[in-house]
Every structure is written in C-alpha cells, then in structure tokens.
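Descriptive analysis of the structure
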Amino acid sequence: MTLSRANLLKLLELIDVTSAEEIDCSEFLHRVAGYIERLGPDGTPPPGYEDVVQHLRICPECLEEFEALYRALLDES
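Residues numbered from 1 in each chain as written. Predicted model: local features only at pLDDT ≥ 70, side-chain atom pairs only at ≥ 80, totals over all residues. Heavy atoms only, no water.

1. Quick notes on a negative patch on the surface
Together, E61, E64, E65 and E67 line one region of the surface with negative charge. Note on placement: E67 falls in helix α4 (residues 60–76). (Patch = residues over 30% accessible without salt bridge, like charges linked within 9 Å, V, L, I, M, F, W, Y side chains within 5 Å. Areas by Shrake-Rupley, 256 points an atom, 1.4 Å probe, with all protein chains shown as cover. Salt bridge = Lys/Arg side-chain N within 4 Å of Asp/Glu carboxyl O. Lys, Arg positive; Asp, Glu negative; His and termini not counted. Charge placed at Lys NZ, Arg CZ, Asp CG, Glu CD. Helix = DSSP H or I, 4+ residues; strand = E, 2+ residues; numbered from the N terminus.)

Structural data, given as structure tokens:
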C-alpha cells in the first residue's frame with residue numbers, strides 16, 4: 001500500500017496526538033452532554049473531561065456532533 005504525502009502527514013499528526021488512554025465514539029457520545037454543560041464561559045474544558053477533549057482532537061465525526069449540539073444549546077439560550 002502506498003500513502004500519498006497528505007495521507008502520511010495526517011497519519012503522523014494523529015500518531016502525535018495519540019494518548020495512552022482514549023475513549024471511543026460511543027463513550028464520547030455518552031459524555032458529551034455533560035461536557036458541554038460544564039464548559040466554562042470562555043470555553044475552558046471542565047476538569048475530568050481530558051479524554052473527551054482528546055477525542056475531539058482526533059475524531060472529526062464526533063467534533064461535528066459536538067459543534068452541532070453546542071450550537072443548538074446556544075440557540076436555546
């Protein structure tokens with residue numbers, strides 16, 4: 001299998017941000033509402049949600065879900 005330069009750079013970027021303990025998408029979706037409820041007014045992540053923040057860095061699909069949920073909650077305010 002041959003990787004393009006862009007794919008190789010993306011792979012290296014993902015390896016660089018990989019952590020020893022990570023959650024999967026299912027666990028992320030289970031915890032995202034609590035994460036949003038506890039976000040600081042300036043967007044500061046709440047303590048105890050480091051794994052959620054890490055997952056947002058590496059999973060574009062969950063990042064999209066998070067952004068949609070966050071926007072929806074802001075629109076309700």
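2. Thoughts on the confidence of the model for the protein chain
When pLDDT is averaged along the protein chain, the result is 89, and 99% of the positions lie at 70 or above. Taken element by element, the protein chain is modelled with least confidence in helix α1 (residues 5–17), mean pLDDT 81, and with most confidence in helix α2 (residues 25–38), mean pLDDT 95. (pLDDT = per-residue confidence, 0-100.)

3. Quick look at the side chain of H55
On the secondary structure map, H55 appears in helix α3 (residues 50–58). Exposure remark for H55: the relative accessible area of 5% places this residue in the buried category. (Buried < 20%, exposed > 50% of the residue type's maximum accessible area, 1.4 Å probe, protein only.)

4. Overview of the packing of aromatic side chains
Counting across every chain of the model gives three aromatic pairs. For the pair F66 and Y70, a centre-to-centre distance of 5.7 Å together with 15° between the ring planes defines the contact as stacked. Here the residue F66 and the residue Y70 both occupy positions in helix α4, the gap between them amounting to four residues, near one helical turn. Looking at F66, the relative accessible area reads 12%, which means it is buried. With a relative accessible area of 28%, Y70 lands in the partly exposed category. One aromatic cluster is present, built from ring pairs that chain together Y35, Y49, F66 and Y70. (Phe/Tyr/Trp six-rings, centres within 6.5 Å; stacked < 30°, edge-to-face > 60°.)

5. A few points about the pattern of salt bridges
Evaluation of the coordinates by the stated rule reveals two salt bridges. The closest approach of N and O atoms between E13 and K10, which form a salt bridge, is 3.7 Å. With E13 and K10 both in helix α1 and three residues apart, this pair spans about one turn of that helix. When its relative accessible area of 47% is taken as the criterion, E13 is described as partly exposed.

6. Here we look at the packing of α2 against α4
Here α2 crosses α4 at 25°, and the two axes come no closer than 11 Å. Judged by the inter-axis angle, α2 sits roughly parallel to α4. The interaxial crossing formed by α2 with α4 has right-handed handedness. In contact with C25, F28, L29, V32, Y35 and I36 of α2, α4 contributes C62, E65, F66, L69, Y70 and L73. Here the contact of α2 with α4 is composed, by residue class, of eleven nonpolar, no polar and one charged. (Axes fitted to C-alpha atoms, helices over the stretch in contact; angles between N-to-C directions. Parallel < 35°, antiparallel > 145°, perpendicular 65-115°, else oblique. Left-handed = near helix turned anticlockwise from the far one by under 90°. Contact = heavy atoms within 4.5 Å. Nonpolar A, V, L, I, M, F, W, Y, C, P; charged D, E, K, R; others polar.)

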